[in-house]
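Tertiary structure, described
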Amino acid sequence: MARALEMAATDLQCESNNKAHRTADFGFAQLIVRRGNRFTITVRFTDGGYQLAENRISLIVETGLAPSEKSGTKVQFPLSNSLDESQWNAALVSSVRNELSLSICSPANAKIGHHTLKLLYTTQGQPTLFDLGKFILLFNPWCSADAVFLDDENQRREYVLNDQGLIYRGTKKFISQIAWNFGQFEDGILDICLKLLDNSLNFLQNQDEDCSQRHDPVYISRVVTAMVNCNDDNGILQGNWGPDYSYGVPPTMWNGSITILRRWSKLGCQPVRFGQCWVFAAVACTVLRCYGIPTRPITNFNSAHDTEQNLRIDSFIDANGKSLKESKDSVWNFHCWVESWMTRPDLKPGYDGWQVLDPTPQEKSEGIYCCGPAPVKAIKSGDVDQNFDTPFVFAEVNADYVSWLLCKDGSKKQIEVNHRLVGQKISTKAVGSDEREDVTHNYKYLEGSEEEREAFNKADMKNKLVIEPEKKFFIKLKIDKVNMNGADITVTAVLSNQTSVTKNCRLIFCAETVLYNGKPIKECSWKDLDNLTIGPQEEKTESLQVLYSNYGESLTEHNQILIVALAMEYEAEELLVARKVITLQNPELRIRIIGEPVQYRDLTAEICFTNPLPVNLCDGVFLVEGAGLTDEQNIPCPVNSITPGQEVKVRAKFIPQKSGLRKLTVDFDCNKLKDVKGFKNVIIRPKAK
């Protein structure tokens, strides 16, 4: 009587398969492959003195909690003579005595996530089922049949494989950059990113339906934008736009996504406190790159938040030039989202490519706080009827800015309409370098061009305000230099009269500390100049001083001050307004690497900082981190007190775990100075074999 067939071992060949599928950076502890390509495994049975019959073998692949063939989460297939990359199938590579080598291929539209692999052997009508192990399947931008296929190797390396990058902030005139550790390949991050899908509302409400759609990057990316914020679900981050960050971490103190994701998982999927737009965007970028979807962070300067969806942002000031909260509309000095690359078979042809995804909770979409994917091509052409949330994103880069004066009697006077303010210097990190790439042209045609007017016609011309004739009496604000945090600031208003008549007016300056989303905090300087006379074809300049002693206490972590100049011309009752947001620059963190940068060898970073403020700094801490460089997200280096002008040096030790170009990021925070950032590129040489 023949012995029952018994399996001795399975070798998933994690190292060779992961290298072939460009997932080696995840490590080799588990099999991680990309869909649309083959992988090879070896199965060894106990030697029972029998011959395995190839035609009696079939394989079963399952995903989800309740796999079913109906939902496409379970598939069974026999061995075939050759591999077909359009469907799940397998072929025998070799059979030596009791050992089988099998090549398995997934289709380019397979579900992503955790899978189990089983072998079914049938002899004399009796089936025997063997569990071969588990593997993770990801999107494949290297496969031309995959919906996320990107036909550029340099871009694939940048937008999928790069685990570090740059994010832009500040204002359109003074763009600053911070380094961010996306860390998608760090230990445990992939499992946490997949855990995110299993905690979404979609999964909790209907697991079978949710898992059946996990082949679709449009569906997956929309789930991610909902789950990165916690407004409706067990999402990752809780938003807080300050200025009080009690009971949490100020958003500016994060240097990367790793600790945020690990903390969310460790807390049992309770939200991590706190995030703002660039943190939401960066975490989403980590998750999407982890899945294999090409993704890049985007920063839009002067970004509109159009609550009424009428393509106009109404802004109110009083007769003293002070900002008033009369409208829910706002213009953020900068706002971050991500773009992901995918096809859009759910839309009419022409909208494949980059799609806007915005996980920052601003407005609800289909009842929950998420945004996108919205095709960038549709935004540029004004085709706002395309899914998802294209009208909202269109307004973010194209809305008109309407200034109003609120009079003491409650009446309102329109001052001006600015067609050019919103949507400036839209930025992302360049491929393969630390340069900034301006992608504004992807979102909008040149302001005032025929194509731009046509896009507005498509979007909603009935709400579009008429372009005003060019003014011959106008006001501008000028700042001659980059202003350092801690210094006194001088702002100049230039009144220009290009008419043939004399203008008599009153000029009011108002300076307010503001949050980066435009919300005013506190007035820090004011000046009223009455009976100014500007003759025909004459310019007149007046200045306002903003002292550190006045702005220092209310300055937020983004170091931004709004200057408003309001001119009221007496005879014609003409109103002029100029606005400028000043971003004060923090001091430079100077970083020096001590030691030979070799994988698995001790390294030291020396960080040098000089206090620029005229006051003592207390309770300071330097946080050091780097994907592939540091074991933990942060190496804290505390400093108790730093006097004005004092230079301090701290040292942080670490052991690089990965070779290649790495970014060491440093953040310094204390009682009077926040969000001081720096980074150092370090090339780590591989350990000698």
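Residues numbered from 1 in each chain as written. Predicted model: local features only at pLDDT ≥ 70, side-chain atom pairs only at ≥ 80, totals over all residues. Heavy atoms only, no water.

We now examine the pairing of strand β4 (residues 57–63). In terms of burial, β4 is a largely internal element, 7 of the 7 residues being buried. Of the two faces of β4, the one holding Ile57, Leu59, Val61 and Thr63 and the one holding Ser58, Ile60 and Glu62 are both buried throughout. Relative to strand β8 (residues 113–123), β4 runs antiparallel, the two being bridged by 7 bridges. Each residue of the ladder has a partner; that of Ile57, found in β8, is Tyr121. (Buried < 20%, exposed > 50% of the residue type's maximum accessible area, 1.4 Å probe, protein only. Helix = DSSP H or I, 4+ residues; strand = E, 2+ residues; numbered from the N terminus. Pairing = 2+ DSSP bridges.)

Further remarks concern the environment of Val621. When you line up the elements, Val621 lands in strand β35 (residues 617–625). For the pair Val621 and Val639, spaced 18 residues apart in the sequence, the C-alpha separation amounts to 5.8 Å.

The next subject is the sheet that holds strand β27 (residues 489–497). If you trace the 3 strands from one edge of the open sheet to the other, you get β26-β27-β30, paired in antiparallel fashion. A single partner strand is all that each edge strand has here, and the edge strands are β26 (473–478) and β30 (538–546). Along the sheet, successive strands turn relative to each other by an average axial angle of 20 degrees, direction set aside. Sheet topology places β27 next to β30; 9 bridges connect them, and they run antiparallel. In the strand pairing of β30, Val494 is matched with Thr541. (Axes fitted to C-alpha atoms, helices over the stretch in contact; angles between N-to-C directions.)

Where helix α3 (residues 189–197) meets helix α7 (residues 258–266), the axes come as close as 10 Å, and the angle between the chain directions of the two elements is 60 degrees. The orientation of α3 relative to α7 falls into the category oblique. Note that α3 runs across α7; the crossing there is left-handed. The segment α3 lies against α7, with Ile189, Ile192, Cys193, Lys195 and Leu196 engaging Ile258, Leu261, Arg262, Trp264 and Ser265. Residue composition of the contact of α3 with α7, grouped by class: 7 nonpolar, 1 polar and 2 charged. (Parallel < 35°, antiparallel > 145°, perpendicular 65-115°, else oblique. Left-handed = near helix turned anticlockwise from the far one by under 90°. Contact = heavy atoms within 4.5 Å. Nonpolar A, V, L, I, M, F, W, Y, C, P; charged D, E, K, R; others polar.)

The final tally for this structure, using the stated rule, is 0 disulfides. With no disulfide of its own, Cys269 lies closest to Cys193 among cysteine sulfurs, the gap being 12 Å. There is no disulfide at Cys290, and the cysteine sulfur nearest it, in Cys193, is 3.9 Å away. For Cys290, a relative accessible area of 1% puts it in the buried group. (Disulfide = S-S within 2.5 Å.)

Moving on, we get to helix α6 (residues 217–227). Along α6, 11 of the 11 residues are buried, which leaves the element largely enclosed by surrounding structure. Within α6 the residues assigned to the buried category are Pro217, Val218, Tyr219, Ile220, Ser221, Arg222, Val223, Val224, Thr225, Ala226 and Met227. The N-capping residue of α6, defined by a side-chain oxygen 3.0 Å from the backbone nitrogen of Val218, is Asp216. (Polar contact = N/O pair within 3.5 Å; in protein donor to acceptor, adjacent residues only side chain to side chain.)

What follows covers the nonpolar core. Counting residues in hydrophobic clusters, the biggest one holds 69 residues, and the most contacted among them are Trp180, Trp278 and Tyr291. Among the elements that take part in this core, helix α8 (residues 277–291) stands out by supplying 13 residues, more than any other. What Trp180 contacts, discounting residues up to four positions off in sequence, is Gln164, Gly165, Ile167, Trp254, Asn255, Gly256, Ser257, Ile260, Trp278, Val279 and Ala282. With 55 residues, the next largest nonpolar core counts Ile479, Val491, Val546 and Val676 among its residues. (Core = buried A, V, L, I, M, F, W, Y, C linked by side-chain atoms within 4.5 Å.)

It is worth spelling out the packing of α6 against α8 at this point. Packing of α6 against α8 leaves a shortest axis separation of 10 Å and a crossing angle of 150 degrees. Relative to α8, α6 is oriented roughly antiparallel. The way α6 lies across α8 gives a crossing that is right-handed. Along its contact with α6, which presents Ile220, Ser221 and Val224, the element α8 presents Ala284, Val287, Leu288 and Tyr291. Class assignment of the residues belonging to the contact of α6 with α8 gives a composition of 6 nonpolar, 1 polar and no charged.

As a further point, take the packing of aromatic side chains. The description of an aromatic ring pair rests on the distance of the ring centres and on the angle between the ring planes. Going through the model one piece at a time under the given rule, you end up with 20 aromatic pairs. Taking 6.3 Å as the distance between ring centres and 20 degrees as the angle between the ring planes, the aromatic pair formed by Trp241 and Phe280 counts as stacked. Of this pair, Trp241 sits in the loop between β12 (237–239) and α7 while Phe280 sits in helix α8; the two residues are 39 residues apart in sequence, bridging distant segments of the chain. Pair check on accessibility: Trp241 and Phe280 agree, each one buried. A centroid spacing of 6.1 Å and a plane angle of 70 degrees characterise the contact between Trp241 and Trp332, whose relative ring orientation is edge-to-face. Taken as a pair, Trp241 in the loop between β12 and α7 and Trp332 in strand β17 (residues 330–342) lie far apart in primary sequence, 91 residues in all. Accessibility assignment for this pair places Trp241 and Trp332 in one class, buried. (Phe/Tyr/Trp six-rings, centres within 6.5 Å; stacked < 30°, edge-to-face > 60°.)

It is worth spelling out the pairing of strand β13 (residues 272–275) at this point. The pairing of β12 with β13 spans 3 bridges and is classified as parallel. Of the residues in β13, the one forming a bridge with Gln238 is Arg273. At this point the chain moves from β12, through α7, to the parallel β13, and the crossover so formed is left-handed. (Right-handed = clockwise from strand over helix to strand, strands pointing away.)

Further remarks concern unusual backbone geometry. A cis amide bond links Arg273 with the next residue in sequence, Phe274, at an omega value of 10 degrees. Take Phe274: it is sitting in strand β13. Cis geometry is adopted by the peptide bond preceding Phe388, which originates at Asn387 and carries an omega value of 0 degrees. With respect to the helices and strands, Phe388 occurs in the loop between α9 (376–381) and α10 (390–398). One non-glycine residue, Asn531, lies in the positive phi region at around 60 degrees.

Tracing the backbone shows Glu557 in the loop between α13 (548–551) and β31 (560–569). This buried residue, Glu557, is left without a salt bridge; Arg169 holds the nearest opposite charge, at 7.9 Å. A polar contact is formed between the side chain of Glu557 and the side chain of Tyr245, at a distance of 2.3 Å. Contacts of Glu557, omitting those with residues within four sequence positions, involve Tyr245, Thr252, Gln276, Lys674 and Asp675. (Lys, Arg positive; Asp, Glu negative; His and termini not counted. Salt bridge = Lys/Arg side-chain N within 4 Å of Asp/Glu carboxyl O.)

Moving on: the sheet that holds strand β21 (residues 374–375). Spatially, the 6 strands line up as an open sheet ordered β21-β18-β17-β14-β24-β25, and their pairing is antiparallel. Two strands in the sheet have a free side with no partner beyond their single neighbour: β21 and β25 (436–438). Relative to β25, strand β24 (residues 424–429) runs antiparallel, the two being bridged by 3 bridges. Within β25, the position partnered with Lys429 by the bridge is Arg436.

A side chain of one charge can pair with a side chain of the opposite charge if their charged atoms are brought near each other. One pass over the structure, following the stated rule, counts 29 salt bridges. Close ionic contact of Arg169 with Asp675 constitutes a salt bridge, the shortest N to O distance being 2.6 Å. One end of the pair, Arg169, is in strand β10 (residues 164–170); the other, Asp675, is in the loop between β38 (660–669) and β39 (676–684), with 506 residues separating them in the sequence. Residue classification places Asp675 among the buried residues on the basis of a relative accessible area of 8%. With a closest N to O distance of 2.8 Å, Glu553 and Lys672 form a salt bridge. Of this pair, Glu553 sits in the loop between α13 and β31 while Lys672 sits in the loop between β38 and β39, placing them 119 residues apart in sequence.

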